[in-house]
Amino acid sequence: MGAFGAKEGHAPTEVAHPPGAAFLAPAGLLAAAGLALGAGAPALNAFTAAYVGRYPPGPHDEPLALWHGLTVPLAESALVIAAGALLFRRWRSVPAFRFPLDAEHGYRVIMRGVDRAADQATRFTQRGSLPVYLRSILLALLLLPGGALVSGGPWPHDVRPWQVPAEPAVVALVCAAALAAVLQPRRLGAVVCAGVAGTGTATLYVLYGAPDLGLTQFLTETVTLVAFVLVLRRLPARFGERQVAGIRVVNALFAVAAGLVVAGVALAAVSVRTAVPESALYPQAAERAGGTNIVNIALVDLRAWDTMGESAVLLVAAVGVVGLIYGRRRPTLPRVGDATGPVWAIPGAPRIEEPEAVRDAATWLRGAETLSPERRSILFEVAARLLFHPMLVLSAYLLFSGHGSPGGGFAAGLVTGLALTMRYLAGGRYELAEALPLGPGVCQGIGLAVVAGIGLAGLAISGEVLRQAVLDARLPLLGEVHFTTSTIFDAGVYLVVVGVVLDILRAMGAELDRRVEREHEEVATA
């Protein structure tokens, strides 16, 4: 009985903090509403009929009612209640018929068995080795989809080796880059080779008439390469000990077999289509959405729910990375006024004193004034200052033109992120706040609020979440203006991406710089 009642031979349980009215009110409100709605069930039929009518009638198509007559379920319920009341009245004689294994003991036995089974399963599967995990995943891929494909897969009869003449050369480059990434002894070389493979994939998108995907892939590869380089500064230049030859052969066989299975599944899936592909309806969907770029329309209109969820996931991932790097420190964007010494200085190197006239002269980047003189590059500073604003204009163009041409909020956000990255690399960590005074959290919060707000606005206006509207008007000086409300949704995605890139630069760049300088190590800047 515990806190809910008293038991003979046991002292009643004392409740140190009895629940207050605020704690009991929700449960009481729900209980009262349940009773009220139960008594008024017939009145709800008018509200539920439209929803129920969407589905075919079932074997027990009954309307809501307080009384359905004498039925078998009612008799079973009455029997259960009567049996429970009888057992409660005669509970003193129940122990005479108690089984040798009571419920509590049986529960503990079952839980001990579950714990032991989980322990054995953990010992077998969770070995703490990433190669073992990957082999297990790839083995499941080879046995299930691969086995089905080999045993009786629908293989196409007419297969064209390539669709575009330049495709074999690009594919060969991607394969060579992937192989080189595996064989590279240095981490930076492996990252560069992986970037080349990704760039080749983006080139294939362009060759197949998808410049929007190619642009996004190019920008993503560039930002990813920068993030890798920022992290590699804190890792050894070379990989650890090489695996023994036998293990490397097994890994190579797994990789080749998995690649062949994935290629075979993709080939079989697109070659045995029996229905009209959904892509045939894309032009009509784009026309209804008021645009021509089906990729952007799919992201912000047809599957806007997915984009909203992906934006939230991207934000959570960035917050997790920042939390792991900063620990208990509060993440901040360092300001030029907070600088206490030269940034990116080489430990043990002789200090280069700048003439007073040089120190007092105006600079292209204010944050570059905090850099150690031997680390400064005047050409880079001038180029960063001159290219920064044109890149912002380009990102604005991509944002507003994405509904009808290659672009969109994600690509525009990456361009702005690359502009901020250029300012950081040219002027150091104090230049980030000069380039964008807003913190990453502000950009991410406003962006996610805009993404969610535009969805709720559609619900309030048209009754459908994320329902967009197309506005055509003629404005002075601008002429004919075609605007869709999904552009506001895209602007929210843009702010989320900018905030995430700024978070990466702040955590993996500025914070790691601070730690390296605190530990008097040399900062790798090239």
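What comes next concerns the included structure. Quick caveat, the model's predicted, so the values are computed rather than measured. (Residues numbered from 1 in each chain as written. Predicted model: local features only at pLDDT ≥ 70, side-chain atom pairs only at ≥ 80, totals over all residues. Heavy atoms only, no water.)

**Some words on the pairing of strand S1 (residues 470-475)**
- One ladder, built from six bridges, connects S1 with strand S2 (residues 479-484); its direction is antiparallel. Note that in S2 the partner of leucine 471 across the bridge is phenylalanine 483.
- What sits between the antiparallel neighbours S1 and S2 is a turn of three residues, in which leucine 477 has the positive phi angle 75°. (Pairing = 2+ DSSP bridges. Helix = DSSP H or I, 4+ residues; strand = E, 2+ residues; numbered from the N terminus.)

**Observations concerning helix H15 (residues 409-427)**
- Taking 1.5 Å per residue, 19 residues should reach 27 Å; H15 reaches 27 Å between its end C-alpha atoms and fits that length.
- Most of H15 sits out of view: 17 of its 19 residues are buried.
- Positioned one or two residues after H15, glycine 428 has a phi angle of 85°, which is positive. (Expected span 1.5 Å × (residues − 1). Buried < 20%, exposed > 50% of the residue type's maximum accessible area, 1.4 Å probe, protein only.)

**Side note on a nonpolar patch on the surface**
- Nonpolar side chains collect at one region of the surface, where Leu173, Leu188, Val192, Val196, Leu225 and Val229 lie side by side and expose about 430 Å² of accessible area between them.
- Of all the secondary-structure elements, those providing two or more residues to the nonpolar patch are helix H7 (187-207) and helix H8 (211-232).
- The element best represented in the nonpolar patch is H7, accounting for three residues.
- Residue leucine 173 is classed as partly exposed on the basis of its relative accessible area, which comes to 46%. (Patch = residues over 30% accessible without salt bridge, like charges linked within 9 Å, V, L, I, M, F, W, Y side chains within 5 Å. Areas by Shrake-Rupley, 256 points an atom, 1.4 Å probe, with all protein chains shown as cover. Salt bridge = Lys/Arg side-chain N within 4 Å of Asp/Glu carboxyl O.)

**Some remarks on H8**
- Between the first and last C-alpha of H8 there are 31 Å, a value that for 22 residues agrees with the 32 Å anticipated at 1.5 Å per step.
- Every buried residue of H8 is listed here: Asp212, Gly214, Thr216, Leu219, Glu221, Val223, Val226, Ala227, Leu230 and Leu232.
- Looking at the buried side of H8, the elements it contacts are H7, helix H11 (294-302), H15 and helix H18 (486-518). (Contact = heavy atoms within 4.5 Å.)

**A few points about the nonpolar core**
- In terms of nonpolar packing, the biggest core is built from 52 residues, with Leu420, Phe489 and Leu505 touching the most fellow members.
- At the level of elements, H8, helix H12 (304-326), helix H14 (378-401), H15, helix H16 (431-435), helix H17 (440-462) and H18 are the ones that each hand at least two residues to this core.
- A per-element tally of this core places H18 first, with 11 residues.
- Ignoring anything within four residues of it in the chain, the contact list for leucine 420 reads Phe388, Leu432, Ala435, Leu436, Val498, Leu502 and Leu505.
- Counting residues in each nonpolar core, the second largest holds five residues, with Val170, Val174, Ala177 and Ala197 among its members. (Core = buried A, V, L, I, M, F, W, Y, C linked by side-chain atoms within 4.5 Å.)

Nothing here speaks to function; it is all geometry.
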